Protein chains: 2
Amino acid sequence: MADSIIDSLKAGGKKLTKPRQAILAILESNALPVTAAEVHARLKKARAPMDLATVYRNLTMLQELGLVDPVGLREGQMRYEVRHGREHHHHIQCRGCGRIVDLMLCPLKKLTQLVESQTKFAVEGHSLEFFGWCPQCR
Amino acid sequence: MADSIIDSLKAGGKKLTKPRQAILAILESNALPVTAAEVHARLKKARAPMDLATVYRNLTMLQELGLVDPVGLREGQMRYEVRHGREHHHHIQCRGCGRIVDLMLCPLKKLTQLVESQTKFAVEGHSLEFFGWCPQCR
DNA sequence: TGTTAAATGCGAATCACTTGCAACAAGGAA
DNA sequence: TTCCTTGTTGCAAGTGATTCGCATTTAACA
Ligand SMILES: [Mn+2]
Ligand SMILES: [Mn+2]
Ligand SMILES: [Zn+2]
Ligand SMILES: [Zn+2]
């Protein structure tokens, strides 16, 4: 468990409970963004079962603390991935098999300034996802 | 009602029903993307009430025909906007008041090729949304 | 006008996610 | 260590968005 994560939890008045550690362990062991249901299932397999509501509450809280990033792929459910130790990036998902691949790039630094000057909004974030067909599904 | 829309419906083996025309009229009269519930409410006001399930079925079908584009703003519900007569573009939404503004730009033509060569996926589309704070909510 | 396939309304079902609440467990103070 | 405060959890019930089954219409067209 990274110190920075522990510090963030403490700074937010959050406790480092056992279930919470298990969730973070699952998240950190996963390169790709996972759904609440997937976290829930893996916890059961890992002999650390917990209520799905607890998973949701923790994912929401971790997101509020900025420790995990939400990834919306229009699947009807959200995905989440830990931020710690990874660059801001985006994803592409295959419309056939659902496979997700990390795109270690973000073209939006410059564009954000343009958007801000055009709209007078203060841009706080963005979501960018690609959809297509992977080689196997082509 | 634009001919191109009628043609697309016909090509897809779809009928031009009265409820369907009413939905399309609502969509065409709205510059910004709307939710199924909003369409449903406006139809009632316009004295052309119909079942919410019918609204959903039609929005889904119109999306499959490529006549409307989905807009996902992480609100817990999808939005839709007609494609006809409008350039491909993106949006920004205020985290405070929810206001949505069209961004008449898309920086992703070049990037798409880069993504394709990097991942070997055939990119079919993308979603890009910005989130921030509008001047009134700042 | 008759036939057929698509579309609609209605009600029930699903699905992802949230909430109320009583029992529990961190973790800091004494 | 023990005690106390406060966040946390499990469980069950509740929401809200979206979907489905099915009997009844309606558009399209021969
Ligand atoms: Mn990722
Ligand atoms: Mn738009
Ligand atoms: Zn980015
Ligand atoms: Zn674009």
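Bear in mind that the values here come from a model prediction, so they are computed numbers and not experimental data.

Conventions and cut-offs
- Residues numbered from 1 in each chain as written.
- Chains lettered and ligands numbered in written order.
- Predicted model: local features only at pLDDT ≥ 70, side-chain atom pairs only at ≥ 80, totals over all residues.
- Heavy atoms only, no water.
- Buried < 20%, exposed > 50% of the residue type's maximum accessible area, 1.4 Å probe, protein only.
- Helix = DSSP H or I, 4+ residues; strand = E, 2+ residues; numbered from the N terminus.
- Pairing = 2+ DSSP bridges.
- Domains from an automatic or database assignment.
- Contact = heavy atoms within 4.5 Å.
- Buried area = accessible area lost by both parts, 1.4 Å probe.
- Salt bridge = Lys/Arg side-chain N within 4 Å of Asp/Glu carboxyl O.
- Donors = N, O, S within 2.8 Å, 3.2 Å for Na, K, Ca; no water.
- Least-squares fit on C-alpha atoms with pLDDT ≥ 70 in both.
- Axes fitted to C-alpha atoms, helices over the stretch in contact; angles between N-to-C directions.
- Near = heavy atom within 4 Å.
- Polar contact = N/O pair within 3.5 Å; in protein donor to acceptor, adjacent residues only side chain to side chain.
- Nonpolar A, V, L, I, M, F, W, Y, C, P; charged D, E, K, R; others polar.

### What about the pairing of strand 3 (residues 90–94) of chain A?
Residue and element names in this part refer to chain A. Counting buried residues along strand 3, 5 of its 5 residues qualify, which places the element largely inside the surrounding structure. Neither face of strand 3 is open: one carries H90, I92 and C94, the other H91 and Q93, and all of them are buried. Of the pairings in the sheet, the one linking strand 3 to strand 4 (residues 100–103) comprises 4 bridges and is antiparallel in character. Its bridge partner being in strand 4, Q93 is matched across the sheet by I100. Counting the residues between successive antiparallel strands, the hairpin from strand 3 to strand 4 contains 5 residues, one of them, G98, with a positive phi of roughly 85°. Where strand 3 lies against strand 5 (residues 122–133), 4 bridges are found, and the strand directions are parallel. Bridging from a neighbouring strand, I92 pairs with F130 of strand 5.

### Let's talk about the domain arrangement of chain A
Residue and element names in this part refer to chain A. Here the domain parsing of chain A yields domain 1 (1–86) and domain 2 (88–138). Taking only C-alpha atoms into account, the centre of domain 1 sits 22 Å from that of domain 2. Tallying the contact residues gives 11 residues for domain 1 and 8 residues for domain 2. Buried area between domain 1 and domain 2, summed over both chains or domains, comes out near 810 Å², and the portion from carbon and sulfur atoms is 61%. It is L32, L73 and R86 in domain 1 that bury the most area against domain 2; as a group they hold 52% of the surface buried on that side. Our enumeration of links across domain 1 and domain 2 arrives at 0 salt bridges.

### Topic: the coordination of the manganese ion (ligand 2)
Listed as protein donors to the manganese ion (ligand 2) are B:E81 (OE), B:H89 (NE2), B:H91 (NE2) and B:D102 (OD); their distances from the metal cover 2.1 to 2.2 Å. With a relative accessible area of 9%, B:H89 lands in the buried category.

### Re the relation of the copies chain B and chain A
Superposing chain B onto chain A requires a rotation of 179° together with a translation of 0.0 Å along the rotation axis, leaving an RMSD of 0.1 Å. This pairing of chains is accounted for by a two-fold axis. Closest to the rotation axis within chain B is the C-alpha of B:L128, separated from it by 2.1 Å. The fraction of interface residues of chain B whose copies in chain A are also interface residues reaches 100%, indicating that both copies meet through the same surface.

### Things to note about the sheet that holds strand 4 of chain A
Ordered by their spatial adjacency, 6 strands build an open sheet running 4(A)-3(A)-5(A)-5(B)-3(B)-4(B), and the pairing between neighbours is mixed. Each edge of the open sheet carries a strand with a single partner, namely strand 4 of chain A together with strand 4 (100–103) of chain B. For this sheet, the mean inter-axis angle between neighbouring strands, taken without regard to orientation, is 25°. Seen against the sheet, helix 5 (residues 108–119) of chain A touches strand 3 and strand 5 of chain A together with strand 3 (90–94), strand 4 and strand 5 (122–133) of chain B and runs at an angle of roughly 125° to strand 5 of chain A. Contacts from helix 5 (residues 108–119) of chain B reach strand 3, strand 4 and strand 5 of chain A together with strand 3 and strand 5 of chain B, with the element oriented near 125° to strand 5 of chain B.

### A few points about the protein's contact with DNA strand C
Close to DNA strand C lie 19 residues; A:K15, A:Y56, B:T17, B:R20 and B:T54 are nearest. Sugar plus phosphate, as a fraction of atoms of DNA strand C within 4 Å of the protein: 62%. Contacts to DNA strand C include A:R57, whose side-chain N or O atom sits 3.2 Å from a base oxygen. One of the side-chain nitrogen or oxygen atoms of B:N58 is found 3.1 Å away from a phosphate oxygen of DNA strand C. Of all the elements in the fold, those that place two or more residues in the surface near DNA strand C are helix 4 (52–64) of chain A together with helix 2 (18–28) and helix 4 (52–64) of chain B. Of the residues contributing to the surface near DNA strand C, the split by class is 6 nonpolar, 6 polar and 7 charged.

### What to know about the interface of chain B and chain A
Accessible area lost upon the coming together of the parts serves often as the stated size of an interface. Each partner contributes residues to the interface: chain B has 37 residues there, and chain A has 38 residues. Interface area for chain B against chain A, summed over the two sides, is near 3,200 Å², with a carbon-plus-sulfur share of 66%. Summed over the shared surface of chain B and chain A, the result is 2 salt bridges. In this structure, the salt-bridge partner of B:R95 is A:E124, at a minimum N-O distance of 2.8 Å. In this structure, the connection of chain B to chain A is made through 14 residue pairs in polar contact (both at pLDDT 80 or more). Secondary structure elements with two or more residues in the side of chain B that touches chain A: strand 1 (68–72), strand 3, strand 4, helix 5 and strand 5 of chain B. The element contributing the most residues to the side of chain B that touches chain A is strand 5 of chain B, with 12 residues. When its residues are assigned to classes, the side of chain B that touches chain A shows 21 nonpolar, 9 polar and 7 charged. The pairing of strand 5 of chain A with strand 5 of chain B spans 11 bridges and is classified as antiparallel. Pairing of A:H126 across the sheet is with B:F130, part of strand 5 of chain B.

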